[in-house]
Amino acid sequence: MKKKSPEDGKVICNTDGDLCRSMRDEPPTHYTFKITQLSLFSKISNEGCPSQKFQVGGYNWQLVLYPNGKGKGEGRHLSFYLRIENTFLPLGWEVQAVFRLFAFDQIRGQYLMLEETQGKRFHAMKTIWGSDEFIPLSVFKNQSYGYLVNDTCVLGAEVFIIGESRTGKIECLRLSKGARYYKRIVRFFSKGCHEEPILQPAYGVPVGKSATYDATFSSSKIEVPIQSLRDDMPTHYTFKITSFSHLSKLHKKRCDSKVFPACGYKWKMSLSLNKNKQQKAHYLSLYLGIEETGSLQLGWEIEAVFRLFVFDQIQGQYLMLQENNAKFHAPNTEWRVDEFMSLRTFSDPSCGFLVKDSCIFGASVFICRERCSGKGECLEMITEGVTTEYTWKIENFSQIKGSCVCEPFGSGYHKWRLFFYPGGYGRVLGNYISLYLKSANSSPRPSGEGIFVRLSLTVIDQSNGNGNVNVKYAFRFPGQGLMGGLPKLMPLSVFTDPSKGFLVNDTCIISAKITILGAVENFQNF
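S.K.: Before we move on, can you summarise the overall build of the chain with the specific residues and values?
M.R.: Within the chain, the secondary structure is distributed over five helices and 34 strands. Expressed as a percentage of the 526 residues in the chain, the buried residues total 50%. Counting contacts in the chain only where the partners sit at least 6 residues apart, residues at least 24 apart contribute 70% of the total. Of the roughly 24,500 Å² of accessible surface on the chain, a fraction of 49% belongs to carbon and sulfur atoms.

S.K.: Outline the pattern of salt bridges, listing residues and values.
M.R.: Across all of its chains, the model carries 14 salt bridges by this definition. For Arg121, the salt bridge is made with Glu94, and the minimal N-O distance between the two is 2.5 Å. A residue pair is termed long-range when its members are at least 10 positions apart, and Arg121 in strand 9 (residues 110–123) and Glu94 in strand 8 (residues 94–105) qualify at 27 residues. A relative accessible area of 33% places Arg121 in the partly exposed class.

S.K.: Go over the pairing of strand 6 (residues 59–66), please, and point to the residues and values.
M.R.: Across the eight residues of strand 6, seven count as buried, placing the element largely inside the fold. Across three bridges, strand 5 (residues 54–56) lies against strand 6 in antiparallel orientation. Residue pairing across strands places Gln55 opposite Asn60, the latter belonging to strand 6. The antiparallel hairpin formed by strand 5 and strand 6 contains two residues in its connecting segment, where Gly57 sits at a positive phi of about 65°. Pairing of strand 6 with strand 7 (residues 77–84), which is carried by six bridges, proceeds in the antiparallel orientation. Residue Leu65 lies in a different strand from strand 7, and its bridge partner there is Phe80.

S.K.: Which residues make up the nonpolar core, and what are the values?
M.R.: One broad trend across soluble globular proteins is that nonpolar side chains are buried collectively. Trp61, Phe244, Trp267, Leu271, Phe346 and Phe361 are the most contacted members of the largest nonpolar core, which has 89 residues in total. The element that contributes the greatest number of residues to this core is strand 11 (residues 152–166), accounting for seven residues. Look past the residues within four positions of Leu271 in its chain and what remains in contact with it is Phe239, Ile241, Phe244, Leu247, Lys253, Arg254, Cys255, Leu284, Ser285, Leu286, Tyr287 and Phe361. The next biggest cluster of nonpolar side chains, apart from the first, holds 29 residues, and it includes Cys404, Val453, Phe495 and Ile510.

S.K.: Mind laying out the confidence of the model for the chain, listing which residues take part and the relevant values?
M.R.: In this model, the chain carries a mean pLDDT of 79, and residues with pLDDT of at least 70 account for 77%. Within the chain, the element-level pLDDT minimum falls on strand 14 (residues 194–195), averaging 38, and the maximum on strand 7, averaging 95. Segment residues 6–15: pLDDT under 50, and 16 contacts once partners within four positions in sequence are set aside and those in other chains are kept.

S.K.: Help me get a handle on the packing of aromatic side chains, residues and values and all.
M.R.: Under the defined criterion, the tally for this structure stands at 23 aromatic pairs. Measuring from ring centre to ring centre gives 4.4 Å for Tyr31 and Phe54, while their planes differ by 10°; the resulting arrangement is stacked. Of this pair, Tyr31 sits in strand 3 (residues 31–36) while Phe54 is found in strand 5, placing the two residues 23 residues apart along the sequence. Aromatic pair Tyr265 and Trp267: ring centres 6.5 Å apart, planes at 70°, arrangement edge-to-face. Here the two residues Tyr265 and Trp267 agree in accessibility, since each one is buried. An aromatic cluster of at least three residues, connected via ring pairs, comprises Tyr265, Trp267, Phe328 and Trp335. The ring of Trp129 has Lys126 lying over it, and the distance from NZ or CZ to the ring centre is 4.5 Å.

Scoring rules and cut-offs
- Residues numbered from 1 in each chain as written.
- Predicted model: local features only at pLDDT ≥ 70, side-chain atom pairs only at ≥ 80, totals over all residues.
- Heavy atoms only, no water.
- Helix = DSSP H or I, 4+ residues; strand = E, 2+ residues; numbered from the N terminus.
- Buried < 20%, exposed > 50% of the residue type's maximum accessible area, 1.4 Å probe, protein only.
- Contact = heavy atoms within 4.5 Å.
- Areas by Shrake-Rupley, 256 points an atom, 1.4 Å probe, with all protein chains shown as cover.
- Salt bridge = Lys/Arg side-chain N within 4 Å of Asp/Glu carboxyl O.
- Pairing = 2+ DSSP bridges.
- Core = buried A, V, L, I, M, F, W, Y, C linked by side-chain atoms within 4.5 Å.
- pLDDT = per-residue confidence, 0-100.
- Phe/Tyr/Trp six-rings, centres within 6.5 Å; stacked < 30°, edge-to-face > 60°.
- Lys NZ or Arg CZ within 6 Å of the ring centre and 35° of its normal.

Pasting the structure below:
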């Protein structure tokens, strides 16, 4: 018989906007975040405690925990968020996702699950979603509830992409004349950004690592694929074929696209000409297959919602077939739609699908369930953090081209270098001064290990010493060669203003204080 937590309904039945809470037994599918000696972080910092970055659906994500609360929950609740890393995403990007945040009840062996089912939009102006009021602090800190035991807590997340606005890829396959096999002439080019409509909640419902899927979130199996028309191009891949009439001359009457990525996996489209022996009619068949599965975990299984398209070149619309609950696993790695369209309809010039012997197909793929062992990490806070201080006097500021770097400082395994960008770095180029910290250790850190540090920077006011600008920033160093820091340390106009005293006689002084707050170790099982 399972133990019941005190005032159980007070925690579980509460809702937070579009987020709803429940309990489940299965651990998070995608990422688990364990923190030991959490109270140490609460004492030394009011900032968020971030996890390492983890990849889901082809994007990098990060969990952020505020032990003392934030926003509406400050001082009263544990605040917990999911953030997307947007450093290398193209201009105009947008991702729609459903996600789940977890807290583990270490006494009863269950997970408190907070779920967003309607789909949140992540974009350049909104990169983080979650709950200000994840768990009341009075509940979280009460050991009888099981969320914080021996100053240790275990959190987690699941993320499922249900829509994207991005630049996709297009392939053009030209079938060569007079040949029994097709010759591939491929050209890739970008298409304009567009937005994939949000899938219905029934289609985009994720589940955890479990052989029996969570019946609480039914996915309404649909036996017959849904067909409709739409104006938008396929999100993930477009496959154009010229000289289509030569397909019938190929040995297998089938041709394949190149492999393309979607939602963190590799896929391939195929099409062939088939004959229905009972009706004595010829059909165009389309296939979607998952590729490069050798790197997936043993026992993997993926359930996807995918859409296959054919373009009506007269009306300028796409005929779309949507398949729900398509399960891919070894050895069934291909999903077939044998009678996508009759060859008679497809070949009719008035229908617009085949014009001047050319046709255009496409695919969009979204994952709604996965069975896999997610990644995890353990962040162990350090009782007495190692602190290193350094003062850097930078002369001849006006002569610096691009950036400058200081000499290595620190001792033992923790040696550092500061990189100063007087004109800014990356997207803030020309508007701010930027400063980054980088590990200067000669030997690489062991795989899967990292450290959690706090960087305190002070830009010295050399005129009277009263206008010093102090900035604190906590971040991670997952490995050698990576940098962390502040791209917007100070507006360039303020820094160069003679009345401010930060730049005097073409010289500035920056003081840095680096404190190691914790150690990070990756592991699979908790």
